[in-house]
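# Chains, contacts and geometry: an overview
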Amino acid sequence: MPRIRILLCAIAVALSLTACQHYASIGPGDYDVQQKLAVTLDRAWNRQVEGAGRICAESWTSNGPLLDMLCIVPGVAEGSPVIGSGAEAPRFRNGMTAADIVELVQTGLARSMQASDFVPISIAPATIAGREGFRFEFKFGAGQSAMETDRHALGYAFEEEKRLYLILFHAAEIHYFPQMKPIVEEVAASARLPRQRRT
Amino acid sequence: MVVSALRLGFVLGLAALLAGCVQNHHRLTENLVRAADKPPVILVLPVDAELSELSFGGAPTIRQDWTVAARENMNQALHASFADKNANIAFHNGDVDDDDLAKILRLHAAVGRSILIHQYEGPSKLPTKQGKFEWTLGPSIGRLADKTSADYVLFVHVRDSYSGPGRVAAQVIAAAVFGVAIQGGAQIGFASLVDLKSGDFVWYNRLVRGAGDLRTAEPAKETVAALLTGLPQ
Amino acid sequence: MNLARRGFLTGGCAFCAGGLLACTPTAPDGAQPQTGGMGAHSDLAARNTPGVRTGVSADADDGLRATMDQMEARLRTSRFLIREPKANAYVRRIVRDLAGDYAGDIRAYLVRVPFFNASQAPNGMMQIYSGLLLRCTNEAQMAAVLGHEIGHYLRAHSRQRMQDARNAADMAQVFAFIFAGLGAPQLNSATDIILTASFFAYGRDQERESDEIGMRLLSQHGLSPIEAARNWENLIAEDQATGISKYRDVLRASHPDQSERAETLRRRAGELPTGVTRADEYREGIGALREVMFEDQIRTGSHAVTMLIADRWLAADSKDGLPLYAKGEALRQRAGDGDDTKAVESLAAAVADSRAPAVAWRSLALVQRKLGREGEAREAFREYLRLAPDAPDREIVRRNLQG
């Protein structure tokens, strides 16, 4: 009997893995992220439509998530998970500081992609979507054994009406991050809240 | 529902692959670039092979004995297959004491894996690639060239699974449901060639099939030959 | 469930592990949990000549090393490998003492993964996760786990010698000897499938046998055998604190039940000499790793577990600034009813001790501010900047102070 239980467990894992990522092309042009945050793209991205491995509300990639990933979290409310899911997934709380939010992002990455060895680079004030927010960068390692990769993350966050907005990009530290950094900076610079939400 | 449709699509896709009717290699260069009078040097990274058995309990278990044998067999087959080619090969054992070089080798593995997942027809194909084959490690690869004075890097990655009752059952189901015959082990892998000057992947060959056996020398030669199909001369 | 269906589904499993389906960045392709360490036994290390080599040997031992080359090359260059020399020397010395005649065969690696685990591969490679080092608070507890792993190795090797069967099942599996799967927050990777498979192959009898060998090794070295039972009791407490069984059914099924195992070990310990725990030596040996290990633990998001582990260290030294910080930070992040007040208490005690990291001041400032104690908050922020003038968030903190 125990063997059957283990077996069922293994099968469940297998099936969750077979639910592969599926992508659709978005851009170039204006893109409205769940009617909560709009950006302008000067090139096409692959948007993950469905499947395992999606760790945030909106997940885009240019060369596949092993090499680069852009996460957009468009306005999550108090008590909601930001990166990853599950009972112990870190949740956004009102009153979080910039350092808290970076910590929350790192905890989310640690839990969802076996990330560790975070090396902070910067957390600095920045204006994003016309709001006072902050910009952050850090490096980290993710994955295990043959899947281990060295990554560099760049993020932007701000709060509006007690909701957290987050743009998080992370990519292979070598070649892919430096190559895509200006592209992501332009995406972030284009971010704006939809008209109806403007005050 | 979408998920299960995708899953079905995947199963059908896999069935098509195992039936062997899919174009598998990409080649951006016909000939290896060589200096005057000198054959090009191809650096062979450690073969990344893992052989597993579907155990009586139903879960796959990596078999170290098979894996060791497979690496030996494949290394020997690689040696043999280059004997009649106008290229020198050098085996690298992957042990580096240089952090930057270690990062390059990890990036190399990540790009190779990404191609396997995202380049070909399947649920995870990236639409923006539009079928073009453009993958690179970037100019940072120069560090590997400096360290080894090689011209190209060859990398072989294989995951191979064998019989056990699960495998037998899969054969029965595949034959009954999809009309596909699966013989022997299922092999999934790739071989890639990177130009050390540009960092570009200039050749890539995917192997997905329901045949082959890496546990013994002769069939392993056949698998290596299949993996090296279309390698620029 | 009929056999054919079962077989088909697990066939899919193998394809996953095969890599084609491992299409999430979080799904390793099934081989080895990452590891690391410069700890190769010296004569083996000398034989593993790095760099380019030509030619392939057909010698059987070389074959074994060929596998090891690939795996250990990956481990040695992994960024998750713990290279801190003092902790490595300390742990390796204990492994060497416990392994006796086999000391030369076993190569121990410390790996930065915040979960309780250790494993022994048949080629001699032993992996010890940092999460295990953080959960043990004395040498006897760590030696109990290492002794158990060595027990697996000795048992497999003596059997192999007797049968002269190089391919005995025990020797065929790479990750056969998992002490406990307490670990990954989600069972979401192909590696887990492999680990599951390993649990399968190693049943209760082998685990008990290795427990017994581990106990005897502890006792022979004058260490306290009761600490082996404490490991399990601590893990049970973690399960209870989180309400999530990280052992899951997988482990309960193939490993002896945790509480039964703790009970058996406790009973057996009663028959052996009391021994010593060597808590001071342990603290000294792995001391340099504690800060990073606590940071990693906080980042698992399992606040209840962080508090339990911190309390364990505080039981030995209630003024220890590092576990005081970890506990306070876990409380602050959890932010449940009354947590903020408790967090201030713990963090204020932490910053009074030199072992607390500078960020403890920032945590204290943040929670003080939340409680409306602005003056104290500003004081703590200033102290943070004074101790960490190059802090990555210095600009934001300064702006905060001006505002």
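Residues numbered from 1 in each chain as written. Chains lettered and ligands numbered in written order. Predicted model: local features only at pLDDT ≥ 70, side-chain atom pairs only at ≥ 80, totals over all residues. Heavy atoms only, no water.

Take the overall build of chain B next. A count of helical and extended segments in chain B gives 6 helices and 8 strands. Relative to its full complement of 233 residues, chain B shows a buried share of 61%. A separation of at least 24 residues holds for 74% of the contacts in chain B among residues at least 6 apart in sequence. A total accessible area of about 8,700 Å² is found for chain B, and carbon and sulfur atoms account for 57% of it. (Helix = DSSP H or I, 4+ residues; strand = E, 2+ residues; numbered from the N terminus. Buried < 20%, exposed > 50% of the residue type's maximum accessible area, 1.4 Å probe, protein only. Contact = heavy atoms within 4.5 Å. Areas by Shrake-Rupley, 256 points an atom, 1.4 Å probe, with all protein chains shown as cover.)

Once that is clear, we can look at the overall build of chain A. What chain A contains, in helices and strands, is 3 helices and 10 strands. For chain A, the α and β elements follow one another from N to C terminus as α-β-β-β-β-β-β-α-β-β-β-β-α. Within the span of chain A, comprising 199 residues, buried residues form 64% of the whole. In chain A, the share of contacts with a sequence separation of at least 24, taken over all contacts with a separation of at least 6, comes to 53%. In the structure as shown, chain A presents an accessible area of about 6,700 Å², 51% of it carried by carbon and sulfur atoms.

All right, on to the pattern of salt bridges then. Per the stated rule, a full pass over the model turns up 53 salt bridges over all chains. Of the charged contacts, one joins B:Arg215 and B:Asp213 as a salt bridge, the two residues approaching to 3.1 Å between their closest N and O atoms. Residue B:Arg215 is classed as partly exposed on the basis of its relative accessible area of 28%. Residue B:Asp213 is classed as buried on the basis of its relative accessible area, which comes to 19%. Sharing partners across several salt bridges, the network here consists of A:Asp117, A:Glu148, A:Asp150, B:Arg106, C:Arg79, C:Arg112 and C:Asp296. (Salt bridge = Lys/Arg side-chain N within 4 Å of Asp/Glu carboxyl O.)

A separate point is the pairing of strand β2 (residues 107-111) of chain C. A regular strand carries its side chains on alternate faces of the sheet. Most of β2(C) is tucked away, with 5 of its 5 residues classed as buried. Going residue by residue along β2(C), you find C:Arg107, C:Tyr109 and C:Val111 tucked away on one face and C:Ala108 and C:Leu110 tucked away on the opposite face as well.

On to the confidence of the model for chain B. Residues and elements named next belong to chain B. For chain B, the mean per-residue pLDDT works out to 78, and 76% of the residues sit at or above 70. This model gives residues 55-59 a pLDDT under 50, and the stretch forms 13 contacts once residues within four places in sequence are excluded. Segment residues 173-184: pLDDT under 50, and 24 contacts once partners within four positions in sequence are set aside and those in other chains are kept. (pLDDT = per-residue confidence, 0-100.)

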